[in-house]
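Structural features, examined
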Amino acid sequence: MVTQFSFFPTPYPDEILHSVLCRYHACCGTPAFVSTTKVLWGQKANINPYLPQALGRIAQRIPAETGLTAYYFAMHNTIYPLLKPLIPEERGQRVLRLLESGQQEDELAILLSGFATSKGPRWQFFRYCEDCWRDDIRNYGEPYWHRLHLLPGVLVCPIHGKSIQNSRAYLKDVSTNYDLASFALASNETAPRYSDNAADMLGKLAGDAAWVMQHGETLPSSERMHELFDQLLQFKGFRSGARTKGKELHAALIWYYGQEILAALQAVPDDLAPWSQLVVQKKKRLLYPIYYLLLMRFLAGSAEGFYTEKHGLIYSNGNDACYSVRNDAVKATQKSVEPLEYREIFLQAIQDNPDCSRGFLIKYYPKVYCWLRANDTDWYEANAPASKMYDPADWTTRDEETLQKAINAVNYLRNLPGRPTWITRRSVEKYGGIELYQSLADGKLPKTKAYLDVAIENNEEWGKRKIQWAVKSMVDGGERLLLQQIRKRASISHKYFEFLIPFTLNCIEEMQK
Ligand SMILES: [Zn+2]
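Every chain is numbered on its own, with residues counted from 1 as its sequence reads. It should be noted that, the model being predicted, local features are given only for residues of pLDDT at least 70 and side-chain atom pairs only at 80 or more, the latter also being counted only at that level, while totals for whole chains, interfaces and linings use all residues.

Turning our eyes to something else, we now look at the packing of helix α25 (residues 459-476) against helix α27 (residues 494-512). At a closest axis distance of 10 Å, the pairing of α25 and α27 adopts a crossing angle of 45°. The pairing of α25 with α27 is recorded here as oblique in orientation. The interaxial crossing formed by α25 with α27 has right-handed handedness. Residues Gly 463, Lys 464, Ile 467, Gln 468, Val 471, Lys 472 and Val 475 of α25 pack against Tyr 496, Leu 500, Phe 503, Thr 504, Cys 507, Ile 508 and Met 511 of α27. The angle between two axes is taken between their N-to-C directions and runs from 0 to 180 degrees, where each axis is a line fitted to C-alpha atoms and a helix contributes only its stretch in contact. Secondary structure elements are taken from DSSP: a helix is a run of H or I of four residues or more, a strand is a run of E of two residues or more, and numbering for both begins at the N terminus. When an angle is under 35 degrees it counts as roughly parallel; over 145 it counts as roughly antiparallel; between 65 and 115 it counts as roughly perpendicular; any other value is oblique. Whether a crossing is left-handed or right-handed is set by the direction in which the near helix is turned from the far one by less than a right angle, anticlockwise for left-handed and clockwise for right-handed. Here, residues touch in the contact sense if the C-beta positions derived from the backbone fall within 7 Å of one another.

Next up, the structure:
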């Protein structure tokens, strides 16, 4: 028979569970951290602000008529509803079971969900919106920690349009402190400032996160999200058949959001593999949640639009009932068009929207854009609005940027664990997210070129690196170092290996020193 709590605070809207527990702790007269924790969780507690598990342990000691069940806590006081639509159904259910469980299982929900390991920025402190706190005080007599404000990538309050600020309470202190939300914990650092446009968009993205969190309980899991991504990418011309046009997509995303927003969200394009590519390809893995929201808004106008609107399908097999089309511009690109007409549509679009950017045209005329890019590149370059991405006069800056990306890519390739990857111009382009060919040939990137001349491996250098790796991995594995075995491991042809035998013998000697 479990003893009921003599009282338990009612959670406020969007309050994280830890905040409820902080209020409980305060109402108990702020005893030592361990004693409250023991009362709440027993001997074994796994506490984290995002996905606290074993909620059943707390819920079972609250009268049923309050409606505060483990399921209720999971849906309203953890970030589970945000993650549920982003992960496969089966995994989502397992995570929910861990959250609802009446005891601390060994498996950790935060790891199983993929949230703990998803690559992306993390907050160090509890965060808050000043105006939300003032509203809380007005409505409830006290401020509290909001779930939304803690989400990585939520930078601006969608209600007040203000930057969300760091407090002075460390997030990792949830396992040692009950830091009650209060202005006493407000930080004296100034809140980050964004341009009006960026603040507006960051607020909208935060609104998307809030919407998903509010509706996550009933939203389908990631399998459906990927189907919708596939359909919309097809519809917008970023996919033909099974192939996603990754470069065009990423360029279009950069145009759509602009550097300031992507930099603020740390969704910067100089990542080794563009995040948009990861979202489309890594269907089982949970990535930094903001990536999904960025793609949803780009493709469907908002997260809500993504899930609730019917999306037009260019390449539908005819069985799908939804053909609603977003706007006339898109409609224009849907008709079957003769090649020359693409030029006309494009010119007309520029005439209709005199100040438009390339990004605008990519967004509203994706098919025309893709066709011209692929088949009529010179004409496109001559007639499209000037690229704002790289001012032609600014090749020096571009050279510096490209050089840095190339260095990052080469370092990345050199340090990849396991079988080595050949450092070629192609692999540097691929892992650096850059396109070098024409600019190198035109002599526009002298520093990058000088660096690559040295860094790119010729056949011999490549063969030698493979041999070094093969010898080391055989030594590590306790294998005998026979020349032919080394050759095989390094996958080098007999003929070419002849030439590298002296080098191989040196390697063996080095290893055996
Ligand atoms: Zn606010």
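Despite not being glycine, Gln 266 has its phi angle at roughly 55°, a positive value. Mapped onto the elements, Gln 266 comes out in the loop between α12 (246-264) and α13 (275-281). The burial label depends on the number of other C-beta atoms within 10 Å of a residue's C-beta. Counts of 20 or more mean buried, 12 or fewer mean exposed, and intermediate counts mean partly exposed, with C-beta atoms placed from the backbone. The exposure class of Gln 266 is partly exposed, given the 15 C-beta atoms found within 10 Å. Look at Ser 491: it is not a glycine, yet its phi comes out positive at around 40°. Since 10 C-beta atoms lie within 10 Å of it, Ser 491 is described here as exposed.

Once that is clear, we can look at the environment of Thr 66. For Thr 66, the position within the fold is in the loop between α3 (55-59) and α4 (70-77). A residue is classified by how many C-beta atoms lie within 10 Å of it, and Thr 66, with 11 of them, is exposed. As for Thr 66 and Thr 78, which are separated by twelve residues in sequence, their C-alpha atoms are 18 Å apart.

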